[in-house]
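# Results of the structural survey
Take a look at the letters that make up each chain.
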Amino acid sequence: MKLWAGLIAVLLAACVAAEAPAAPDTPPQIVAEAPPVEATPEPVRAPAPTTLSIACAGAFTQGGIALCRTLPGAAVTVDGAEAGAADGDGWAVIGFTREHGASARVAASAQGATVAQSYEIAPREFDIHRVDGLPPQTVTPTDPAVLARIQREAVLKRAGWDSFAPIQGWLEGFIIPVEGGRVSGRWGNQRVLNGVPASPHFGYDIAAPAGTPIRAPAEGVITLAQPDMHYEGGLVFIDHGQGLITMYLHMSRIDVGVGDTVDQGQVIGAIGSSGRATGPHLCWRMKWRERQLDPSVAIEGLALARAELLSAR
Ligand SMILES: [Zn+2]
C-alpha cells in the first residue's frame, strides 16, 4: 500500500540630514564627524480606519503574502474562504497558494456590511526537482514502527500549527534567517523523490555549513521545538500572529523551547542535516492558515506592504 500521507512534510528618528538652506554669510561647512548612519525611517503609523474599508499591499503572486488594513475586528475572506478577523489595529495577513488563479477577491465584513477589492495574482513557473538516493523509509515508509512515529509527530505538528498568537510579528517585516548561505532549493518545485512523484517542495532551502546560526526572521512565539522528527529532523515553528507560522527544518541544534518569545534576529538554533536531508541546509517554510506560502517572497511582500500601508493616510 502506498502511503502518501507521510509526504506532507512539508527611531531612531530618521537621520534625515536635512539640507537647510545655507545662511548668506556662512561658508559651506565641512563636517568631519561620524559618517552618516544609514537608518530605515520609521514610517508614520497611520491610524486604523474608523469606517469599513479595505486596502491591501504586498506580493500578489502565487505563494505570496500581503497585509490588509480594514476596520478593527472585521471578518476577512479571501476568494470567499474565511481568513480570520482583522486585529485591534485593523491589520489582517492574507496569502495566496501555489495554485492560486489569476485574481484574488479580498473582502471585509462588519455590522452586516461588506467591502471588497480584487487583486491580480501573478503566475509563477516551477521546476521539476529530482532527488535520488534517499533512504526508502523516508520516502515510501512501510515499517509499522516508522508509520506509528510519523503519526505521533503529525499530532505534534498539528498542535504547533493550531497556535494563533495575538502579536504582530509580520509588521516589522522579515529578514532572511541565514546569513551568507547559498539558495539550494526554491519553493514550489515539483519533486520526484527516488523516481516517485511527490508533493511540491514547500520550502526555501539555504545551504550553509552545519552549525551556522539560524535567526528568527521576525518576532514570534515558539510553538514547536523537536530535536528529532522523522522527516524534518530538528524542527522549530514560530508563530508570528494572524495565523502566520514559519518552520525551520533539519536543525543540528535548537536553542529555544515551546512558549519562548523570540525577537527578530535572535538565534533559535543552527543548521544541520537531520531528518530527510542530503546535506546541511535550512529548509525554511511558511504557512498561513493551512496554506503553504513562499517565505522568500514574504520578505519583499511584507516590506512593500509596510511601506504602502503603514505610511498611508
Ligand atoms: Zn526544503
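Residues numbered from 1 in each chain as written. Predicted model: local features only at pLDDT ≥ 70, side-chain atom pairs only at ≥ 80, totals over all residues.

### Points about the overall build of the protein
The helix and strand tally for the protein stands at two helices and 21 strands. Within the span of the protein, comprising 313 residues, buried residues form 39% of the whole. (Helix = DSSP H or I, 4+ residues; strand = E, 2+ residues; numbered from the N terminus. Buried ≥ 20, exposed ≤ 12 C-beta atoms within 10 Å, placed from the backbone.)

### Topic: the sheet that holds strand β10 (residues 190–193)
Taken in spatial order, the three strands line up as β8-β10-β11 in an open sheet, and their pairing is mixed. Among the strands making up the open sheet, the edge pair consists of β8 (128–131) and β11 (196–197). In terms of strand pairing, β10 meets β11 through two bridges, oriented antiparallel. By the bridge assignment for β11, V192 is matched with P197. (Pairing = 2+ DSSP bridges.)

### A few points about the pairing of strand β6 (residues 103–110)
Here strand β3 (residues 75–78) runs beside β6; their pairing, made up of four bridges, is antiparallel. Pairing of V78 across the sheet is with V106, part of β6. Two successive antiparallel strands, β6 and strand β7 (residues 113–120), enclose a turn made up of two residues, where Q111 displays a positive phi of approximately 50°.

### Digging into the sheet that holds strand β2 (residues 65–70)
The three strands lie next to each other as β1-β2-β5, forming an open sheet whose pairing is antiparallel. At either margin of the open sheet sits one strand with a lone partner, and together these are β1 (54–58) and β5 (91–95). When strand polarity is set aside, the average angle formed by the axes of neighbouring strands in this sheet is 25°. In terms of strand pairing, β2 meets β5 through five bridges, oriented antiparallel. For I65, the partnering residue across the bridge sits in β5 and is G95. (Axes fitted to C-alpha atoms, helices over the stretch in contact; angles between N-to-C directions.)

### Points about the confidence of the model for the protein
It should be kept in mind that the predicted coordinates are not to be read in detail where pLDDT is low. With 85% of its residues at a pLDDT of at least 70, the protein reaches an overall mean of 87. Contacts of residues 1–35 to residues separated by more than four positions or lying in other chains number 25 contacts, the stretch itself having pLDDT below 50. (pLDDT = per-residue confidence, 0-100. Contact = placed C-beta atoms within 7 Å.)

### Looking at helix α1 (residues 144–161)
Taking 1.5 Å per residue, 18 residues should reach 26 Å; α1 reaches 26 Å between its end C-alpha atoms and fits that length. For α1, the set of buried residues is I150, K157 and G160. Buried positions in α1, seen along its axis, are confined to an arc of 70° and lie on one side of it. Counted as exposed and oriented over 90 degrees from the buried face of α1: P144, A145, A148, Q151, R152, V155 and R158. (Expected span 1.5 Å × (residues − 1). Arc of directions from axis to C-beta.)

### Focus: the nonpolar core
Counting residues in hydrophobic clusters, the biggest one holds 68 residues, and the most contacted among them are I65, A66, L67, C68, I94, V236 and Y248. Setting aside residues up to four positions removed in sequence, Y248 forms contacts with I214, L235, V236, I268, L282 and W284. (Core = buried A, V, L, I, M, F, W, Y, C linked by C-beta atoms within 7 Å.)

### Let's talk about the environment of I54
If you trace the backbone, I54 turns up in strand β1. Separated by 20 residues in the primary sequence, I54 and A74 have C-alpha atoms spaced 9.8 Å apart. Residues in contact with I54, not counting those within four places in the same chain, are C68, T70, V106, A108, V115, A116 and Q117.

### Notes on unusual backbone geometry
Unusually for a residue other than glycine, Q111 sits at a positive phi of about 50°. The residue N194 is not glycine, and still its phi comes out positive at about 50°. Looking at the element boundaries, N194 is found in the loop between β10 and β11.

### Notes on the pairing of strand β12 (residues 204–207)
Pairing analysis gives three bridges linking strand β9 (residues 182–185) to β12, with the strands arranged antiparallel. Counted as the bridge partner of R182 is A207 from β12. Relative to strand β20 (residues 281–288), β12 runs antiparallel, the two sharing four bridges. Within β20, the position partnered with Y204 by the bridge is W284.

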